[in-house]
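# Residue-level structure breakdown
What follows is each chain in one-letter form.
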Amino acid sequence: MSLSRRNFLKSAAVTALPAAAVATATATTTTTTPTRATPAAGDGSAALHWLEGGVPAFSSGATLGVPWPRGRHPQTPAFALTTEDGQPVPVQSWPLAWWPDGSIKWSAHALPANAGLSATLQLAAVADATAPAAAVTVEERADSIVVNTGVIRCSVARRGPHVIQAISRDGRDMARNGRLVALAANTPDSEAANTVQRHYDSAVTAVTVEQRGPVRAVVKVEGKHSADGRAWLPFSLRLYFYAGAESVRILHTFVFDGDENTDFLRGLGLRFDVPLDGPLYDRHVRFAGEQPGLWAEAVQGLTGLRRDPGAAFRQAQVAGLPCPPIAQMAPRVSSALHLVPAWGDYTLSQLSADGFQIRKRTKPGHGWIDADAGKRAAGSGYIGGNGGGVAFGLREFWQRHPTRLDIRHAHTSAAEVTLWMWSPDAPAMDLRFYHDGMGMETHAQELQGLDITYEDYEKGYGTPHGVARSSEITLWALAATPSRERMVQIAAAVQTPPQLVAAPAHFLASGVFGGLWSLPDRSTPAKAAIEDELDRRFAFYRGQVEQRHWYGFWNYGDIMHTYDADRHVWRYDVGGYAWDNSELSPDLWLWYSFLRSGRADIFRLAEAMVRHTSEVDIYHLGRFAGLGSRHNVQHWGCSAKQLRISAAVYRRYYYYLTADERIGDILRELLDADAMLEATDPVRKIADAPPKGQYPARASFGTDWGSLAGNWLTEWERGGNPRYRDKLLTGMKDIAAMPHGFFNADRAGYEQDSGHLHNMTGDKVAASHLNSVFGAVEIFAELIALTGHKDFEQAWLQYCTLFNADKAAQVRALGMPHGGSPVLRVGHSRLTAYAAWRTGDAALARRAWSEFFDQPLKPLRTLDLHGPTVLNPVQEAEGVSTNDTAQWGLAAIQNLALIGDYLPGGAAK
């Protein structure tokens, strides 16, 4: 670590952490405090395993993040990785985050291709790391960046229409002219009489080498789509290369910056050319179907002919192997081969989550024929000949329909491949707001709309301008046509990339994320009942994704907000009750559930949610850049553009677990989002909100400042600009100094430049039931543990103690009731539990459980519906809402961790 980085981390005015702040220690030193058992921090090593269990069939390279206890690694060490039988594995390591004392908090590690294929691995600090047999190299040229994995060589253009100039293997170009393509029309399909459609190609404007090996190299490419003097749809591509890999992983991101009333995307894809030679009957096409199915044919078929070419020819072609010399073919067939059609064009189209179709034709100008069909294609394909070819895959292919894979001109010297992230077969992408707002022309009418449909409407605010979407593509340059079994393995790796993770016990022992969870514990009937209910509620939502078809390009990864028991559907079309958009922290519920269990199914659902909410629900440019959109029928539809939705607290878990650079970019996009508090005041429609007066903006302590605190804390621990650390500490000090602490700061005057918060309410007391349920509980626990800021802690403990307290207790402490709504009493029980844990107050711990069991624990009751009552057979749950589910789940997890010994029917106290 550099001296400047270390000084930045340590220069904050913080005190030494008390024992109570260390997640691996007991809760406090008082004898009445409940303790919670946590694993020992270990010897500075970490056991790793593959997320889905077992050993992957192969790996194209892997990256993961690993946390460490404070002080465990005071310097930035080298790391060594070994398999379960002690064999060394090359690894490239780098720091992701630091503790305030400068020690490593999170480290990232990359493995070469097909390395670490062991059920378990051990990561440990050493003097020197094992180097790969053939390192990734990066050569910077005037016009390109050339990356060599030891197997393939990729040239990335610095300027022009081609992102990838060529991918070669053994001196032979396997792919050329990689570029992005977009199709756009000026009208949607329903108004197509005067449609003008335009084709746009990528125009590269910047290329940055972010990592140079020896195990992993990363190249970032930025640009826009361009045609006819117009440049729009900004994109970024990250190309990932691993030592020994025959593939390149591509993370594609685009931002919609058009006019939703005149710009209708008809197609969005990545296109490249594949040079081909050799006989047409030795050229092979593969499409992965529903796992483990495969569609495999040759450009010119030798099977099924009236005359038999010979068993050796048929068997070789079916297997994808080179056929014997043509002289060995039956003369009656070889002399008539020119009469056997060659099929040059192929398409696999997935227009819904439940149906795909494969078509082919001989060449343009001739008709398509239906080849086959199925339900859910794995989204991978291949085209190649005797000299090998290219396999390609688009992750979450059927989940993010409409998608398409195209192969064109396979009968010529070069095939053209396009992976369509939005299929041209589908209707045009129509992003216009879903209603015209008639009847809501005035402020009073807008509030009436909020009252009847729970929709915060404001003309011009339901715009998609600035939302984004990221997609993952992998390309393989293969020396030969893959076997059928290998092609299926490739498709499986595209859809579920092998991911290494540490064990839940290691996450807990490291003390990251505030330590507000414990490992699953069924040691008593009472604890087992809560654990079972946690599992039951996750299983219900996982099932709802499938049963309710929460799929599609813009939708996949999100879940719905509230159920309509009369129609037996989620309220997909009712104002603010439709898509959830992180409302009341389902993201946190999933990530805490994963950290404590290590379950792959929870990780994958949380991963899909991060990819969605960090792109679609946040504005990345334009008028609302840095803000997110509240829940709505459309993800960007609500006029409440707020920090509480864009907050880093929902994305930082995935960033640290995977070291994903795109999420890292988004975390930094949010750092100056506080500037939007003045331009887009979240309480501009609330009549009794305190006036701004002399201050530039108003901020709530939770939904606003708490969200900013998570953004700035993440930048602080990543070792970034110290300005954000200072703003964070300034705000902590200002809140603590207010007469009633957090009860004064329901709305505070806010200065963006300095980060100062000012008391706007004098001695008045106020509280909102929303302030602590958008990540504030979790972020404030981290701040207290990291900084040891006693005044801030006391202010927060007062809030935690009094929010759910009876009014008499509120009056005794504050002079008046705080006025907060009791609607989230169960969710707020975890605040009471936190105060009990920090203070060692047994009575408070028992009160927290009483609040949690405000109504007796009732297992989620599901009912199977079928027949004319519903369109498809589904399950519904009585009284279900995502708000309640997320807050109940977080309260259950945190209460078990902090005051589990006081659970009625649990360990006796």
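Residues numbered from 1 in each chain as written. Predicted model: local features only at pLDDT ≥ 70, side-chain atom pairs only at ≥ 80, totals over all residues. Heavy atoms only, no water.

Per an unreviewed UniProt entry, the protein chain goes by Tat pathway signal sequence domain protein and derives from Duganella lactea.

## Side note on the overall build of the protein chain
Which entries qualify depends on this criterion: In this text, helices come from DSSP runs of H or I with a minimum length of four residues, and strands from runs of E with a minimum of two, each type numbered from the N-terminal end. Note on method: radius of gyration uses C-alpha positions; expected globular size equals 2.2 Å times residues raised to 0.38. Three labels apply to residues, based on accessible area from a 1.4 Å probe with only protein chains included: buried if under 20% of the type maximum, exposed if over 50%, partly exposed otherwise in between.
A count of helices and strands for the protein chain gives 21 helices and 37 strands. Computed over the C-alpha atoms, the radius of gyration of the protein chain is 29 Å, within 12% of the 29 Å expected from 2.2 N^0.38 for a compact globule of 909 residues. Taken along the three principal axes of its C-alpha coordinates, the protein chain extends 100 × 70 × 55 Å. A total of 909 residues make up the protein chain; the buried ones form 61% of that total.

## Description of the pairing of strand β9 (residues 144-148)
Every other side chain in a regular strand lies on the same face of the sheet, so the side chains alternate between the two faces. Condition: For two strands to be treated as a pair, DSSP must find no fewer than two bridges joining them.
In terms of burial, β9 is a largely internal element, four of the five residues being buried. In the sheet, strand β8 (residues 137-140) pairs with β9 via four bridges, with the strands oriented antiparallel. Bridge pairing links valine 138 to valine 147 in β9. Count of turn residues in the β8/β9 antiparallel hairpin: three residues. Examined bridge by bridge, β9 and strand β10 (residues 152-157) share five bridges and lie antiparallel to one another. Looking at β10, one finds that isoleucine 145 is bridged to valine 156. Turn length for the β9-β10 hairpin, with the two strands adjacent in sequence and antiparallel, is three residues, and the turn residue glycine 150 shows positive phi of about 95°.

## Points about the UniProt feature "domain: PcRGLX/YetA-like C-terminal alpha/alpha toroid" (unreviewed entry) in the protein chain
Operational definition: UniProt positions are given in the numbering used here, feature names are shortened, and annotations may be inferred rather than shown by experiment.
Sequence positions flagged by UniProt for "domain: PcRGLX/YetA-like C-terminal alpha/alpha toroid" (unreviewed entry) are, in local numbering, residues 497-903. Structurally, residues 497-903 is divided into 47% helix and 7% strand, and its ends, taken at the C-alpha atoms, are 40 Å apart.

## A few points about the sheet that holds strand β1 (residues 45-50)
Within the open sheet, the five strands sit side by side as β4-β3-β7-β1-β28. Their pairing is antiparallel. Bordering the open sheet on either side are β4 (88-89) and β28 (500-502), each of which pairs with just one other strand. Examined bridge by bridge, β1 and β28 share three bridges and lie antiparallel to one another. Looking at β28, one finds that histidine 49 is bridged to valine 501.

## Section: the packing of aromatic side chains
Note the threshold: Paired rings are identified among Phe, Tyr and Trp, the last through its six-membered ring, by centres lying within 6.5 Å, and are further divided according to the angle between planes into stacked (under 30 degrees), edge-to-face (over 60) and tilted (the rest). Here, over-ring charges are defined by two tests on the NZ atom of lysine or the CZ atom of arginine: distance to the ring centre within 6 Å, and angle to the ring normal within 35 degrees.
Taken as a whole, this structure holds 57 aromatic pairs when the rule is applied. Judged by centre distance (5.5 Å) and plane angle (80°), the rings of tyrosine 563 and tryptophan 570 are edge-to-face. Pairing phenylalanine 742 with phenylalanine 780 gives two aromatic rings, centres 5.5 Å apart and planes at 40°, and the pair type is tilted. Here the residue phenylalanine 742 occupies a position in the loop between α15 (722-737) and β34 (748-750), and phenylalanine 780 occupies one in helix α16 (residues 776-787), the gap between them amounting to 38 residues. Feature note: the residues Trp106, Phe507, Phe513, Trp517, Trp591, Tyr592, Phe594, Phe603, Tyr653, Tyr654, Tyr655 and Tyr656 constitute an aromatic cluster, connected by ring pairs. Over the aromatic face of tyrosine 240 sits the side chain of arginine 249, whose NZ or CZ is 4.8 Å from the ring centroid. The cationic tip of arginine 537 hangs over the ring face of tryptophan 888; the distance from NZ or CZ to the ring centre is 4.2 Å.

## Details of the side chain of arginine 644
Put simply, the rule reads: As used in this structure description, the phrase polar contact means that two N or O atoms lie within 3.5 Å; if the pair is within protein, one of them must be able to donate a hydrogen and the other to accept it, and residues adjacent in sequence are counted only when both atoms belong to side chains. The contact definition used throughout considers only heavy atoms, calling two residues in contact when any of these lie within 4.5 Å.
Positionally, arginine 644 belongs in helix α10 (residues 643-646). At 3.1 Å, the side chain of arginine 644 forms a polar contact with the side chain of glutamate 583. Those residues in contact with arginine 644 that lie beyond four places of it in its chain are Glu583, Arg630, His631, Tyr650, Thr703, Ser707, Leu770 and Phe774.

## With respect to empty space enclosed by the protein
Keep this limit in mind: Residues are called lining when one of their atoms sits within 4 Å of a cavity or pocket point, these points coming from a 1 Å grid over the protein atoms alone, where a cavity is a set in which a 1.4 Å probe fits but cannot get out and a pocket is an open set with protein on both sides within 12 Å along at least five of seven lines. Grid points are joined across faces, edges and corners, and a volume is the space filled by probe spheres set on the points.
With the rule as written, the count across this model stands at eight cavities of 30 Å³ or more. Within this model, the largest cavity holds a volume of roughly 500 Å³. Along the wall of the largest cavity there are 30 residues; nearest its centre are Gly61, Arg249, Glu472, Pro497 and Pro498. Elements with a minimum of two residues in the lining of the largest cavity: β2 (62-67), β15 (230-242), β16 (247-255), β27 (468-478), α5 (484-495), α9 (600-613) and α11 (652-658).

## Comments concerning helix α2 (residues 311-319)
Our working rule: Starting at the helix axis, one direction is taken to each C-beta atom, and the arc is that of these directions.
Those residues of α2 that fall on the buried side of the exposure criterion are Phe313, Ala316 and Gln317. Down the axis of α2, the buried set is contained in an arc of 95°. They therefore lie on one face. Buried residues along α2 sit in contact with β18 (284-288) and β19 (294-298). Backbone geometry just downstream of α2 places glycine 320 in the positive-phi region, at approximately 80°.

## Section: the layout of surface pockets
To keep it simple, the criterion reads: As a working rule, the residues Ala, Val, Leu, Ile, Met, Phe, Trp, Tyr, Cys and Pro are called nonpolar, Asp, Glu, Lys and Arg charged, and the rest polar, with Gly in that last group.
Each pocket or cavity is described by its volume, and for the second largest pocket that value is around 740 Å³. Every residue lining the second largest pocket is counted, 33 residues in all, and those nearest its centre are His549, Asn555, Met560, Tyr572 and Trp579. A class-by-class count of the residues in the lining of the second largest pocket yields 20 nonpolar, 10 polar and three charged.

## A word on the sheet that holds β2
Heads up, the rule is: Axes, fitted as lines to C-alpha atoms, cover a helix only where it is in contact. Angles between the N-to-C directions of the axes lie from 0 to 180 degrees.
With respect to topology, three strands assemble into an open sheet ordered β2-β6-β5, the strand pairing being antiparallel. Looking at which strands have only one partner, the edges of the open sheet turn out to be β2 and β5 (92-98). Sheet twist, expressed as the average angle between the axes of neighbouring strands with direction ignored, equals 20°.

## Re the environment of asparagine 721
Here asparagine 721 shows up in the loop between α14 (701-717) and α15. Separated by 50 residues in sequence, asparagine 721 and leucine 671 have C-alpha atoms that sit 9.8 Å apart. Engagement of the side chain of asparagine 721 in a polar contact is seen with the backbone nitrogen of arginine 723, the distance being 2.9 Å.

## Focus: the nonpolar core
Formally: Nine residue types can take part in a nonpolar core, namely buried Ala, Val, Leu, Ile, Met, Phe, Trp, Tyr and Cys, and a core is a set of them joined through side-chain atoms within 4.5 Å.
Counting 169 residues, the largest nonpolar core has Leu48, Phe594, Trp705, Phe780, Leu783, Trp796 and Tyr834 as its most contacted members. With residues near it in sequence (within four places) discarded, leucine 783 still touches Trp705, Ala709, Leu713, Leu728, Met732, Gly788 and Phe792. Grouped together as the second largest cluster of nonpolar side chains are 78 residues, Val136, Leu270, Ala342 and Phe392 included.

## Re the pattern of salt bridges
The test is simple: Just to be clear on terms, a salt bridge is a Lys or Arg side-chain nitrogen sitting within 4 Å of an Asp or Glu carboxyl oxygen.
For the structure on display, the rule yields 70 salt bridges. A salt bridge links arginine 359 to aspartate 425; the nearest nitrogen and oxygen atoms lie 3.5 Å apart. With arginine 359 in strand β21 (residues 355-361) and aspartate 425 in the loop between β26 (414-422) and α4 (443-453), this pair connects stretches of sequence that are 66 residues apart.

## A word on the packing of helix α19 (residues 825-839) against helix α20 (residues 842-852)
As a reminder, the rule being used: For classification purposes, an angle smaller than 35 degrees is called roughly parallel, one larger than 145 roughly antiparallel, one from 65 to 115 roughly perpendicular, and anything else oblique. A crossing counts as left-handed when the near helix is turned anticlockwise from the far one by less than a right angle, and as right-handed when that turn is clockwise.
Orientation of α19 relative to α20, taken along the N-to-C sense of each, is 170°, at an axis distance of 8 Å. One finds that α19 runs roughly antiparallel with respect to α20. Two packed elements cross with a definite hand, and for α19 against α20 that hand is left-handed. Along its contact with α19, which presents Arg825, Val826, His828, Ser829, Thr832, Ala833, Ala835, Ala836 and Thr839, the element α20 presents Leu844, Ala845, Arg847, Ala848, Glu851 and Phe852. When its residues are assigned to classes, the contact of α19 with α20 shows eight nonpolar, four polar and three charged.

## Focus on unusual backbone geometry
A cis amide bond links glutamine 291 to the next residue, proline 292, at an omega of 0°. Cis rather than trans, the peptide bond between histidine 401 and proline 402 has omega equal to 5°. In this fold, proline 402 is placed in the loop between β24 (388-394) and β25 (403-408). Of note, aspartate 228 is a non-glycine position whose phi angle comes to about 55°, a positive value. Of note, aspartate 228 is situated in the loop between β14 (216-227) and β15. For aspartate 228, a relative accessible area of 69% translates into the label exposed. Positive phi, close to 55°, is recorded for histidine 549, a residue that is not glycine. Take histidine 549: it is sitting in the loop between α7 (525-547) and β29 (563-564).

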